[in-house]
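One letter stands for each residue in the lines below.
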Amino acid sequence: MGHGGSKSIGISGCCGGEKRKISERVVLRVNSKDNIHSSGEEEGEDKNVIGRKMESTLKPLRDGESVLDLSPRSTVSGGVEDVYGEDRATEDQLVTPWTFSVASGYSLLRDPQYNKGLAFTEKERDAHYLRGLLPPTVSTQPLQEKKLMNSIRQYQVPLQKYTAMMDLQERNERLFYKLLIDNVEELLPVVYTPTVGEACQKYGSIFRRPQGLYISLKEKGKILEVLKNWPEKSIQVIVVTDGERILGLGDLGCQGMGIPVGKLALYTALGGVRPSACLPVTIDVGTNNEKLLNDEFYIGLRQKRATGQEYYALLHEFMTAVKQNYGEKVLVQFEDFANHNAFELLAKYGTTHLVFNDDIQGTASVVLAGVVAALKLIGGTLPEHTFLFLGAGEAGTGIAELIALEMSKQTKAPIEESRKKIWLVDSKGLIVSSRKNSLQHFKKPWAHEHEPVNSLLEAVKVIKPTVLIGSSGVGKTFTKEVIEAMTSNNDKPLILALSNPTSQSECTAEEAYQWSEGRAIFASGSPFDPVEYKGKLYASGQANNAYIFPGFGLGLVISGAIRVHDDMLLAASEALAKQVSEENYKNGLIYPPFSNIRKISANIAANVAAKAYELGLATRLPRPQNLVKYAESCMYTPVYRNYRISSTSFEKKTSVIREEIAKIKKDVAAGDEEKGKRGSIVHRPEKMSDIRQYYKQILHQDVSQFKASSKE
C-alpha cells in the first residue's frame, strides 16, 4: 500500500486478484506519519504468545525494544504504490500501454530490459523500425542460450566467464536470467562466490558501466536526490555494502559493488524478484586498503575510511531516504559490513525498517538447515549435540545464536541454557568467562566457564564437539590433526568449512574425506568437485546463502512484511531442511541440489510469509490460501515477450483518452463537480489513481484484444 499521505487506505491483494478467506483478525494502525502497520492473531491463539516469541542477542542493544513493537523511531512517510500490479511477473504478464512505452529502433536494441537480439520476429522488426539494424536471420531464445553456453564454456579463466555474463546482463537482461536459471549449478560459481571475489578485487580494471548506485561522502545531504536519479521507481529489494569486509578478502572499498550486483542477480534468478525491483548500492566512505589507494584504476574515494559519527550520520541519512522514497516495505539487505558496524546497524534499524543481514542471519539460517538435515545421518536431536566454532565474528555468532534459538524452541529451556552447548574459538583461543571483560559485546554470551584453551586442536580434544563449524575467513585451519581428533570422538563427525572464497576455506572436501577416512559429513561455503576415496565417490554439499536469501526476500515481498523477526529465519531453515530428499541423504548430502532452487525458494517464501502473517507483520491482505502457489505465481520468468504491433484504431483511442483526461483535470481544477463525473467514476477524481481507473475502464475492450494478440 502507498505511504504518500493519502487519507484513503488501499490494501493490495494477491497476484491473481483472487479474493480469499482468511482466519486472522486484522487491525490496521495508522500513526501520525500516515504509515500503515498491521497486526493479527490466529483465531484461538493467546494474544500474549506473539509477544513472547524468541528474539536474538540484538534485543539488549535495542534497549529492550522488540521487532514486534513496530517502533515509530526514524519513521518517515513516503513510498510507492504498485498501481498496476507490476509484481505479477507471470509468463503472460503484459506491458500495459498506460504504464510506459518501449523504445523502437536502435535505442530498443540498446535497452537490456527489452532487447531480444536476433529473436525479434519479422513483424516486430517492421513495427519497431529494426529493419537493417539486425542480420536477416530470426533466432529463438533456446538457440541463443545454446550458443552463449557454448561460448562461455570455451573460456578457461573463471573471471573471463564472469565478464561474459556481466556483458550479457548489460545487453539482454532476459537472456541473462534464462541462462542463469537453466544452468544454475554451472553458472552460480561464476556470477557469485568464488569468482565474484576475484571480480571485486579487479573491479576497477574490468569496470565498464555502472550497475547500481554509488553513494559516497560527496553525496552527504543529497542522498534522497541520488535515489531519485535511479530510473526504476518501484523498488522492493536493496542490497547495500560499504565494502569493508568483502567475503574473506577484507577491505575492497568501492569495488565491493560486485557483491550487491551478484546478490541481486540471484534474487531474480533463484527467488523470482523482478530485476527492475532490485537496487544494488555501495556506500563509499573511503578504504584503508593501501594497495587500492595507490592503484591508478581504483574507482572509489581516495581517502581513509570515515568512522564514528561521520560514518553513522551518512548511513542514517541513507536509511531515512530509502524509507521516504520507497516506503515501509522495501527490504534493505546489509552485505559484507565489518563486524563492528554490522551488529550496530542491524540492532539500530531492525525495529524501524525492514532490514536483513545476510552474513549474520542468512548464513545462520542456511547452516541451521544443514545441521537439522544432517541429524538424519549423524543421529540424535539438536539439543543433544555439542558445537564448536572456529570464528566468532558476525557469521559465527549469528549461526550460534540461531542454533541456540532452535534448541530453546525444542526444549522450552531458556536460551542461556542452550548457549552452553555451543563453544566459539577466536584468534585468541577458546572464548571463556575469564576473557569476558575484553570481549566485544556480540561475543560475551558465548563466554562459558572453562580453563583457557589456546588452540583449535586443543579445544577439539577437551570440548569433544560432535559438530565443527568454520567461519573464520582463514584457509587451511582445519588441519589433519583437527579432523583426526574430530573423527576419534565421533563415528560421523559433521564438518562445515564455510569461509569464502575457495582459497579461504578451512579445508577442502578431499582433505575432510581423506583425513576422516570417509566418515565425515562435509559441506562448505564454496563448491568442491566430488571426491573419490577408496573406490567410493563422495559428493559434498554447499552451505551457500543462495539457498536462503532469495526465497526469504521473496517471502517478505509477497506478504508485504514490514519487519524481520528471528522466527522468520527459523521458518526459512525449516523449509530448506525439508527439501532434502532420501536420495540426497543416500549420497551423504545435507542440502538439496541447486537444480531445484526455484521450487526450494517458493517453499521458503511460503514458510516465511506464513510466519509474517502469524506475527502480525504482513500487510498484503487478504492472506492467500496456498502460499506456495502464490509465491510461484509471483516469480519473474525470463522468457521473451511478444511486443504489441501498433494499430491505427488503438492509437486513435489513446488520443481520445488523452483528451478526456485533460478535460477531467480541467473540470476538477475549476471545481465543477458534475463535469468531473466521468464514465463510471462516481466521485470527483481528486486523485490521479481515479483518473488512471477511468483510463483503464475506457481501454478495457482494447486491452482485451491486446492480450489476445500478444499471446500469438
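Calculation criteria
Residues numbered from 1 in each chain as written. Predicted model: local features only at pLDDT ≥ 70, side-chain atom pairs only at ≥ 80, totals over all residues. Heavy atoms only, no water. UniProt positions renumbered as here; feature names shortened; annotations may be inferred. Helix = DSSP H or I, 4+ residues; strand = E, 2+ residues; numbered from the N terminus. Buried < 20%, exposed > 50% of the residue type's maximum accessible area, 1.4 Å probe, protein only. Contact = heavy atoms within 4.5 Å. Areas by Shrake-Rupley, 256 points an atom, 1.4 Å probe, with all protein chains shown as cover. 1 Å grid on protein atoms, 1.4 Å probe; cavity = no way out; pocket = protein on both sides within 12 Å on 5 of 7 lines; lining within 4 Å. Points joined across faces, edges and corners; volume = space filled by probe spheres on them. Nonpolar A, V, L, I, M, F, W, Y, C, P; charged D, E, K, R; others polar. Expected span 1.5 Å × (residues − 1). pLDDT = per-residue confidence, 0-100. Pairing = 2+ DSSP bridges. Axes fitted to C-alpha atoms, helices over the stretch in contact; angles between N-to-C directions. Salt bridge = Lys/Arg side-chain N within 4 Å of Asp/Glu carboxyl O. Phe/Tyr/Trp six-rings, centres within 6.5 Å; stacked < 30°, edge-to-face > 60°. Right-handed = clockwise from strand over helix to strand, strands pointing away. Core = buried A, V, L, I, M, F, W, Y, C linked by side-chain atoms within 4.5 Å.

The protein chain appears in an unreviewed UniProt entry as Malic enzyme from Sphenostylis stenocarpa. The heading Sequence similarities (unreviewed entry) in the UniProt record of the protein chain holds the text "Belongs to the malic enzymes family."

**Student:** Any chance you could explain the overall build of the protein chain here in plain terms?
**Tutor:** For the protein chain, the helix and strand inventory stands at 29 helices and 16 strands. Put simply, the protein chain has 712 residues, and 57% of those count as buried. When contacts within the protein chain are restricted to residue pairs at least 6 apart in sequence, those whose partners lie at least 24 apart make up 72%. Counting only carbon and sulfur atoms, one obtains 49% of the accessible surface of the protein chain, whose full area is about 29900 Å².

**Student:** Would you take a moment to explain the side chain of S365 for this structure?
**Tutor:** Looking at where S365 falls in the secondary structure, it is placed in helix α16 (residues 358-378). The class of S365 is buried, set by a relative accessible area of 0%. Ignoring anything within four residues of it in the chain, the contact list for S365 reads L402, I548, L569, A572 and S573.

**Student:** Help me out: how do you make sense of unusual backbone geometry in this one?
**Tutor:** Residues apart from glycine generally show negative phi values, whereas peptide bonds are mostly found in trans. Here the amide bond leading from N500 into P501 is cis, since omega sits at -10 degrees, within 30 degrees of zero. Omega for the peptide link from L621 to P622 comes to 0 degrees, which places this bond in the cis form. By the element assignment, P622 lies in the loop between α25 (597-614) and α26 (627-633). Of note in this structure, D336 is not a glycine but carries a positive phi near 55 degrees. Within the element layout of this structure, D336 appears in the loop between β6 (331-334) and α15 (339-349).

**Student:** Please clarify how empty space enclosed by the protein should be interpreted in this entry.
**Tutor:** Within this structure, the stated rule accounts for 6 cavities of 30 Å³ or more. For the lining of the second largest cavity, the secondary-structure elements that each account for two or more residues are α6 (158-171) and α10 (203-206). The biggest single contributor to the lining of the second largest cavity is α6, with 5 residues. Here the lining of the second largest cavity is composed, by residue class, of 5 nonpolar, 2 polar and 4 charged.

**Student:** Explanation requested: helix α14 (residues 308-326) in the structure shown.
**Tutor:** Spacing of three or four residues puts side chains on the same side of an α-helix, whose turn is 3.6 residues. With 19 residues, α14 extends 27 Å from end C-alpha to end C-alpha; this agrees with the ideal 27 Å at 1.5 Å per step. Every buried residue belonging to α14 is among Y311, L314, L315, F318, M319, T320, A321, V322, K323, N325 and Y326, and all of these are buried. Backbone geometry just downstream of α14 places G327 in the positive-phi region, at approximately 95 degrees.

**Student:** What should I look at first to understand the environment of I431 in this one?
**Tutor:** Turning to its location among the elements, I431 is positioned in the loop between β10 (429-430) and α19 (456-463). Separated by 23 residues in the primary sequence, I431 and N454 place their C-alpha atoms 9.6 Å from one another. Residue contacts for I431: discarding those within four places in its chain leaves A392, L424, D426, L439, K443, W446, A447 and H448.

**Student:** Please explain the layout of surface pockets as it appears in this structure.
**Tutor:** The gaps left among the atoms become clear once a water-sized probe is rolled over them. Of the pockets and cavities examined, the second largest pocket occupies roughly 890 Å³. Forming the boundary of the second largest pocket are 41 residues, of which R245, S471, S472, G473 and S499 lie nearest the centre. Counting residues per element, the ones that place at least two in the lining of the second largest pocket are α16, α17 (394-411) and β9 (422-426). Top contributing element to the lining of the second largest pocket by residue count: α17, with 3 residues.

**Student:** Sorry if this is basic, but what is going on with the confidence of the model for the protein chain here?
**Tutor:** Atom-level detail of predicted coordinates should not be read off regions where pLDDT is low. Averaged over the protein chain, the pLDDT score is 83; the fraction of residues at 70 or greater is 79%. Residue range residues 1-54 is modelled with pLDDT below 50. Its contacts to residues more than four positions away, or to other chains, number 119 contacts. Counted against residues more than four places away or in other chains, residues 74-100, with its pLDDT under 50, gives 79 contacts.

**Student:** Please clarify how the sheet that holds strand β11 (residues 467-470) should be interpreted in this entry.
**Tutor:** Two strands in a sheet stick together by hydrogen bonds in their backbones, pointing the same way (parallel) or opposite ways (antiparallel). Taken in spatial order, the 7 strands of this open sheet run β10-β9-β8-β11-β12-β13-β16, and their pairing is mixed. Across the chains shown, the open sheet's two edge strands, defined by having one partner strand only, are β10 and β16 (541-542). Alignment of β11 against strand β12 (residues 494-497), held across 4 bridges, turns out to be parallel. Each bridged residue has a counterpart across the sheet, and for I469 the counterpart in β12 is L496. Set on the sheet, α19 makes contact with β8 (387-390), β9, β10 and β11; between it and β8 the angle comes to about 175 degrees.

**Student:** Help me understand the environment of V474, please; the structure alone is not making it clear to me.
**Tutor:** Tracing the sequence through the fold places V474 in the loop between β11 and α20 (480-489). Counting along the chain gives 84 residues from V474 to L390, while the straight-line C-alpha distance between them is 9.5 Å. In this view, V474 contacts S499, Q504, S505 and E506; residues no more than four positions away in its chain are not counted.

**Student:** How should the pattern of salt bridges be read in this particular structure?
**Tutor:** Side chains that differ in sign of charge can pair as their charged atoms come close. Scanning the model with the defined rule gives 26 salt bridges in all. Ionic pairing is found between E328 and R563, a salt bridge with its closest N-O pair at 2.8 Å. Here R563 lies in the loop between α22 (549-559) and α23 (566-577) and E328 lies in the loop between α14 and β6, a separation of 235 residues in the sequence. A residue is classified by how much of its surface remains accessible, and E328, at 1% relative accessible area, is buried. Residue R563 is classed as buried on the basis of its relative accessible area of 0%. Among the ionic pairs, K443 bridges to D426, the shortest N-O distance being 3.2 Å.

**Student:** I'm lost on the packing of aromatic side chains in this one. Help?
**Tutor:** In this description, an aromatic ring pair is defined by two values, namely the gap between the centres and the angle between the planes. Considering all chains together, one arrives at 15 aromatic pairs under this definition. Taking 5.2 Å as the distance between ring centres and 85 degrees as the angle between the ring planes, the aromatic pair formed by Y311 and Y312 counts as edge-to-face. A residue is classified by how much of its surface remains accessible, and Y312, at 22% relative accessible area, is partly exposed. Ring centres of F334 and F337 lie 5.6 Å apart, and the angle between their planes is 85 degrees; on these two criteria the pair is classed as edge-to-face.

**Student:** For this particular structure, what's the right way to read the pairing of strand β4 (residues 237-241)?
**Tutor:** Where a strand is regular, its side chains alternate between the two sheet faces. Of all the 5 residues making up β4, 5 are buried; the element is thus mostly covered by neighbouring parts of the structure. Here β4 runs beside strand β5 (residues 278-284); their pairing, made up of 5 bridges, is parallel. From the neighbouring strand, V240 faces β5, where its bridge partner is V281. Between β4 and its parallel partner β5, the chain crosses via helix α12 (residues 258-269), and the hand of that crossover is right-handed.

**Student:** Could you clarify how one ought to interpret the nonpolar core in this entry?
**Tutor:** With 129 residues, the main nonpolar core has Y267, F387, I403, I469, F552 and I590 as its most contacted residues. Every residue in contact with F552, bar those within four places of it in the chain, is listed here: F356, V564, M568, L569, A572, I604 and V608. Judged by nonpolar contacts, the second largest core, of 38 residues, contains I283, M319, Y349 and I360.

**Student:** So what exactly am I meant to see when it comes to α20 here?
**Tutor:** Burial in α20 covers these residues: V482, I483, A485, M486 and T487. Packing partners of the buried residues in α20 comprise α19, β11, β12 and α21 (509-515).

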